[in-house]
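Breakdown of the fold
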Amino acid sequence: MNEIGIEIRDSLNIDEYNNLRKQVGWEPKNPIVVEKAIKNSTIVKKAIYDNFAVGMARAIGDGMSYLLVDVVVNSKYQKKGIGKKLVNSIIDKIKENTIAGEYSTINLISIKGMEKFYESCGFEAVPFGYNGNGMRMKIEKYSNSNL
């Protein structure tokens, strides 16, 4: 397989999302949460090979700032340019939506060890220039129910 057989589509369903997470060793997410996340995403992309979802990426944004999330490629299909194609398709869509004379920013938090991949897509490590360190807060809610 090479990159030529890959098709990028503007959709993603709950099963594809969770299957791709499982294929890279991540835990699946509650389907209700996944459905809401996909619906509320500004840009959703999936990579299809042989009628099968082998990768995905999402961006959340407001027209000025975007957060790139869930860049995942099935372990069997990594190192074939699919991740870069997904990221570039999101970058292209953001460029298309940015008003002439203005700029948009795309932020992300890289999985440890993947920084070079994102740099190859044109991202710069933070801190640089006027930027400080990236920050993160994880909020967990525990209850006796499944929701």
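Just so you know, these numbers come straight off a predicted model, no measurement behind them. (Residues numbered from 1 in each chain as written. Predicted model: local features only at pLDDT ≥ 70, side-chain atom pairs only at ≥ 80, totals over all residues. Heavy atoms only, no water.)

**Describing the overall build of the protein chain**
Applicable threshold: What counts as a helix is a DSSP run of H or I of at least four residues, what counts as a strand is a run of E of at least two, and both are numbered from the N terminus. Throughout, radius of gyration means the C-alpha value; the globule benchmark is 2.2 Å times the number of residues raised to the power 0.38. Burial classes: relative accessible area under 20% of the type maximum marks a residue as buried, over 50% as exposed, and values in between as partly exposed (1.4 Å probe, protein chains only). In summary, the charge assignment counts Lys and Arg as positive and Asp and Glu as negative, without counting His or the chain termini. Just so you know, the charge point we use is NZ for Lys, CZ for Arg, CG for Asp and CD for Glu.
Tallying secondary structure elements over the protein chain gives four helices and five strands in all. The helix and strand sequence of the protein chain, counted from the amino end, reads β-α-α-β-β-β-α-β-α. For 147 residues, the compact-globule estimate of 2.2 N^0.38 gives 15 Å, and the protein chain sits close to it at 16 Å. Expressed along its principal axes, the backbone C-alpha trace of the protein chain runs to roughly 45 × 45 × 30 Å. The proportion of buried residues among the 147 residues of the protein chain is 30%. The positive charge centre, built from 21 side chains, and the negative charge centre, built from 17, are 5 Å apart in the protein chain.

**Remarks on the pattern of salt bridges**
Put simply, the rule is: We define a salt bridge as a side-chain nitrogen of Lys or Arg found within 4 Å of a carboxyl oxygen belonging to Asp or Glu.
Evaluated as defined, the whole model comprises seven salt bridges. The closest approach of N and O atoms between Glu7 and Arg9, which form a salt bridge, is 3.0 Å. Glu96 is paired through a salt bridge with Lys93; the nearest N and O atoms lie 3.3 Å apart. You can see Glu96 and its partner Lys93 sitting in helix H3 (residues 82-97), three residues apart, about one turn around the helix. Owing to a relative accessible area of 57%, Glu96 belongs among the exposed residues under this scheme. For Lys93, a relative accessible area of 31% puts it in the partly exposed group.

**Some details on the packing of aromatic side chains**
Condition: Stacked, edge-to-face and tilted are the three classes for Phe, Tyr and Trp ring pairs, Trp counted by its six-membered ring, which pair at centre distances within 6.5 Å; planes under 30 degrees apart are stacked, over 60 edge-to-face, the rest tilted.
Inspection of every chain in the model, using the stated rule, returns three aromatic pairs. Summarising the aromatic geometry, the rings of Tyr118 and Phe123 are spaced 6.1 Å apart at their centres and angled 90 degrees between planes, so their arrangement reads as edge-to-face. In terms of burial, Tyr118 and Phe123 fall into one category: buried. Grouping aromatic residues by their ring pairs yields a cluster made of Phe117, Tyr118 and Phe123.

**A closer look at the sheet that holds strand E2 (residues 43-49)**
The line we're drawing: Only strands that DSSP links by at least two bridges are regarded as paired with each other. Between N-to-C directions, angles span 0 to 180 degrees; the directions come from axes that are lines fitted to C-alpha atoms, helices contributing only their stretch in contact.
Taken together, the five strands give an open sheet; going across it, the order is E1-E2-E3-E4-E5, and neighbouring strands pair in mixed fashion. Strand pairing shows two members of the sheet lacking a second neighbour, strand E1 (7-9) and strand E5 (105-107), which therefore form its edges. Each strand of the sheet is rotated relative to its neighbour by a mean of 25 degrees, with strand direction disregarded. Note: E1 against E2, three bridges, orientation antiparallel.

**Details of the side chain of Lys45**
Defined as follows: Under the rule applied, a polar contact is a pair of N or O atoms within 3.5 Å (in protein, one hydrogen donor and one hydrogen acceptor; residues adjacent in sequence only if both atoms are side-chain atoms). Contacts are assigned to residue pairs with any non-hydrogen atoms lying within 4.5 Å of each other.
Within the fold, Lys45 resides in strand E2. For Lys45, a relative accessible area of 8% gives the class buried. Within polar-contact distance, the side chain of Lys45 engages the side chain of Asp10 at 2.4 Å. Those residues in contact with Lys45 that sit more than four places away from it in its chain are Ile8, Arg9, Asp10, Ser11, Gly55, Met56, Ala57, Leu86, Ser89 and Ile90.

Shape descriptors only; they carry no functional weight alone.
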